[in-house]
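# Per-entry structural report
So the chains spell out like this:
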Protein chains: 2
Amino acid sequence: MEKLLKLKNILEEVRMINISIGQLSWDQSTEQPKLARGEYSNVLAYLYGKSHSLIINDEVRDIINSLKDDDSLNNIDRAILNELKDDFEKKEKIPKEQYEEYARLQSLSTLAWEEAKEKDDFEIFKPFLEKIVDYDKKFIELIGINGHPYNTLLRDYEKGLNVDDLDKFFHTLKEELMPLVLKASSVGNPVFDFEHKAYDIDKQRKFSRFLSEYLGLDFQKAVLKESAHPFTDAFSNKDTRITSHYHLNKFLSSIFSTAHETGHALYEQGIDDEIAHTILGSGSSMAMHESQSRLYENIIVRNKNFWVPIYDKLQAIYYDNLKDVSLDDFYRCINKSQPSLIRIEADELTYPFHIIIRYEIEKLLFEDKVKVSDLPEIWNEKVYEYLGIKPTGFSDGILQDIHYSKGNFGYFPSYALGSAYASQFAYGMSKTLNLDECLLQGNLLKINEYLRRNMHKYGKLKTSKELLLEISGEEFNPKYYTEYLKDKFSSIYK
Amino acid sequence: MEKLLKLKNILEEVRMINISIGQLSWDQSTEQPKLARGEYSNVLAYLYGKSHSLIINDEVRDIINSLKDDDSLNNIDRAILNELKDDFEKKEKIPKEQYEEYARLQSLSTLAWEEAKEKDDFEIFKPFLEKIVDYDKKFIELIGINGHPYNTLLRDYEKGLNVDDLDKFFHTLKEELMPLVLKASSVGNPVFDFEHKAYDIDKQRKFSRFLSEYLGLDFQKAVLKESAHPFTDAFSNKDTRITSHYHLNKFLSSIFSTAHETGHALYEQGIDDEIAHTILGSGSSMAMHESQSRLYENIIVRNKNFWVPIYDKLQAIYYDNLKDVSLDDFYRCINKSQPSLIRIEADELTYPFHIIIRYEIEKLLFEDKVKVSDLPEIWNEKVYEYLGIKPTGFSDGILQDIHYSKGNFGYFPSYALGSAYASQFAYGMSKTLNLDECLLQGNLLKINEYLRRNMHKYGKLKTSKELLLEISGEEFNPKYYTEYLKDKFSSIYK
């Protein structure tokens, strides 16, 4: 037990360093003055190095080895040990200096990406991306999971997932959904004048805050701020932070970004106090996290019944723009399917194809079949192949997402997988409660409590596999996702 | 030279830890969700402990000893070594555990103070304040500067200053200024209807931002945010942050708070790149810092000429409230002298008496002549003695300032000293440039450049003593301050 205590003290120290890293990163994305950007890359590298050396040393290795077969551990301590062991085995293969250097590079690369995106100039970002990819390839070699090199990347987002699973999953999506995408294209959409009118930014801010609270986020334990690319940060279940973004002529973008991030934040707020400050105290996996964000963004906030109790409020806030717009028209507009260039603005039906594009490109990159300098061209080709349209520049093409600047290859599949999990969870939830009824009554609490009780509170204590099985009664099955989309969009595009 | 390099590496590590502390503290004061308060006191304690043990060890002691008589050091390295030596000699007397415990206590005590102030209940804060005072007394014993125990406290804010100097200074202020305070009271003030009308908070925010930029703050390297108690934080000369506060019926408060903090921030922005990331890279002393904030707040922004180029802008923003208010009336209102309860809202003439009250109380406390539980009563007595009025509760009495919750006893004299320095600097500056002319022309740049060139850029490379001598041609002399106030207020109160 002395060893366990020692281990917990070390992990507490790591947590405190990670909070410092988290605060700096949050600040960098939401507040830091322009000319201070870059001042902090060394600080981040230093702190990452600290957290690395607190874990990767002989003392921790000995403790892990001596506890790994200890039957007296309770289930939480056992899970902590397993989680740590996994992390240890990965990190010990990466020398501390490289780990630090990578952290510094991520920070500088993100700044370069921002500038490149703003100036629509891939060349600014290219040298950073090349270094990032080189590092990722080196790490794959060092960590080396069996099979396709991409499998090693996937491990950070959904443990156990491999390229074969994903190939099969995406094949199903293509087969099941492409006919519907083509059908929607041929039926076409009405023009909604209100969609791109000017919507006061301050009002958008206020509505976002209202929406997030209405969805159930507790702002005694949360912050809503702004950033170029919306995201969620969680320092603990008592301090969870989200950002949204506001564009004068795209008010819907802020609504769905806020709903998406609120889904992530509800997950983090729902984690049990007992594990909140341990390494189990966050979402089970990235795909699980995306299941919650996509559930709130799509299955809930793109549901007509969700708007029934609050549509008059939305109309009142944007009276000039929405006074003559019926709820039916609003619903139809927020569920308009049409090929588009920007992933985070995409409708539910074409969304998975944005993911497939990224997945195929990333695979080619890590199979050494394409080079970083080829990426813009191959990106545009794939977009044309799957969506029939072409980016106008780099900013609505290869540079649109922040992920690559941070080296997060392997991340995107989590969004598609998460969307599919979400449908399967919605199915499981329907055995206990009537989602549409809850939404009609404005009773989000009932939904949140269900999710908290059956999923959120566990954090990493349960895997996504276990959660899917417990809630839906079966293993992962993409049919819930394809059926949901087919039902919904075939009734819209008849 | 190897030792010097080693030392610089250690100091760079300390700087990185201090940035982490700074970010957490900034967050705590400006953004952290309510129920997360308290989550971070252990993190802060941990980081303070880290920075303590990086400095206080035999290796650093050896380096200091071996370099202290090394003639080959350049003047910057020499100054760094002296600064470090000073810090070392203070900190080595405080055991690391106590240093950590004190940091934790400061964080918790600030939360207790906030709650106590909000509920107007001294009892909530009392046990924390007692512990803080106990620690400060213990530290005085450990550090032990000669003479009055208060001398040790003063060292953190103005090195070399002692109680005798302050007694003399405050005696002069009382003698010179009290007749004018009484005269102002007997002449009285017109009623200005516009002063406490409702001023839209968003407009106050926008005007604050305009004001701060007009004063010369570069927002590519600065942030303006909000907090209960306005303050300035500087992470470097490229990242300096200020807060202001906004009250619907007290728009003047935001103007002068913003001007005050902008003065601090201009000082930090003006520090030379060469020393910005060293321990010399901040204001020369707290009193010097306050000289800049008080200079901008009072000598500049309470000057009628300052408003000549921008008063129409102020009127336009608050058209309904200010359209019929002449600049003369506005000037008269912002220079109204009358006894009041809140220090940061006090006029220039009664302001030093707020400081004298705090100074006398703190001296009594550290002479063991009064106890923490006596403070509210003695506070009210002193306020009555010097200002002839009585606090209505604790929040406008003993609980009004944040300083005691952080154990910052000895800080307040810096405000009065800073105000006096400001007048002496203004006198020195007048040999080179005409302040009134610059203000009339809206040429703040000329003033800022003078201050940057002659003072700001040096950071801690020069002492306040040296700066006073260089700029004004003589040592500290309170007559510039008393003359300034007498000139100004005897022309207002005839």
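As shown above, the structure is provided for reference.
Fair warning: this is a prediction, and the values are worked out from it, not measured in the lab.

The helix and strand tally for chain A stands at 23 helices and three strands. Taken against the 2.2 N^0.38 rule, which gives 23 Å for 494 residues, the C-alpha radius of gyration of chain A at 22 Å falls within 12% of a compact globule. In terms of overall dimensions, chain A has C-alpha extents of about 70 × 50 × 45 Å along its principal axes. Here chain A holds 494 residues, and 58% of them are scored as buried. Long-range contacts, defined as pairs at least 24 residues apart, comprise 74% of the intrachain contacts of chain A with a sequence gap of at least 6. The distance from the centre of the 64 positive side-chain charges to the centre of the 81 negative ones in chain A is 1 Å.

Overlaying chain B on chain A yields an RMSD of 0.0 Å, the required transformation being a rotation through 180° with an accompanying axial translation of 0.0 Å. Overall, the copies show the geometry of a two-fold rotation axis. Among all residues of chain B, the one whose C-alpha sits closest to the rotation axis is S20(B), at a distance of 2.8 Å. Residue by residue, 100% of the interface of chain B is reproduced at the interface of chain A, so both copies engage with the same surface.

Here we take up a negative patch on the surface. Taken together, the side chains of D374(A), E377(A), E381(A) and E385(A) present a region of like negative charge at the surface. The residue D374(A) is located in the loop between α17 (351-366) and α18 (375-387) in this model.

Residue and element names in this part refer to chain A. Following the sequence through the fold, S227 ends up in the loop between β1 (222-226) and β2 (232-236). Side-chain polar atoms of S227 contact the backbone oxygen of H229, separated by 2.9 Å. For S227, the contacting residues outside a window of four places in its chain are S29, T30, T243, S244 and H245.

With that settled, consider the pattern of salt bridges. Residues and elements named next belong to chain A. One pass over the full model with this rule turns up 82 salt bridges over all chains. Between E114 and R37 there is a salt bridge, with its nearest N and O atoms 3.1 Å apart. In this pair, E114 sits in helix α5 (residues 96-119) while R37 sits in the loop between α1 (2-30) and α2 (41-55), placing the two residues 77 residues apart along the sequence. We note a salt bridge from K238 to D273, for which the minimum N-O separation is 3.2 Å. Of the two residues, K238 sits in the loop between β2 and β3 (239-244) while D273 sits in helix α11 (residues 273-276), which places them 35 residues apart along the sequence. Judged by relative accessible area, which is 25%, K238 ranks as partly exposed.

On to the interface of chain B and chain A, then. Taken residue by residue, the interface counts 36 residues in chain B and 36 residues in chain A. Together chain B and chain A conceal approximately 3,000 Å² of surface at their shared face, both sides included; 55% is due to carbon and sulfur atoms. Inspection of the chain B/chain A interface yields eight salt bridges. Applying the counting criterion to the chain B and chain A interface returns 22 residue pairs in polar contact (both at pLDDT 80 or more). Broken down by secondary-structure element, the contributors of at least two residues to the side of chain B that touches chain A are α1 (2-30), α2 (41-55), β1 (222-226), β2 (232-236) and β3 (239-244) of chain B.

Conventions used here
Residues numbered from 1 in each chain as written. Chains lettered and ligands numbered in written order. Predicted model: local features only at pLDDT ≥ 70, side-chain atom pairs only at ≥ 80, totals over all residues. Heavy atoms only, no water. Helix = DSSP H or I, 4+ residues; strand = E, 2+ residues; numbered from the N terminus. Rg over C-alpha atoms; globule rule 2.2 N^0.38 Å. Buried < 20%, exposed > 50% of the residue type's maximum accessible area, 1.4 Å probe, protein only. Contact = heavy atoms within 4.5 Å. Lys, Arg positive; Asp, Glu negative; His and termini not counted. Charge placed at Lys NZ, Arg CZ, Asp CG, Glu CD. Least-squares fit on C-alpha atoms with pLDDT ≥ 70 in both. Patch = residues over 30% accessible without salt bridge, like charges linked within 9 Å, V, L, I, M, F, W, Y side chains within 5 Å. Areas by Shrake-Rupley, 256 points an atom, 1.4 Å probe, with all protein chains shown as cover. Salt bridge = Lys/Arg side-chain N within 4 Å of Asp/Glu carboxyl O. Polar contact = N/O pair within 3.5 Å; in protein donor to acceptor, adjacent residues only side chain to side chain. Buried area = accessible area lost by both parts, 1.4 Å probe.

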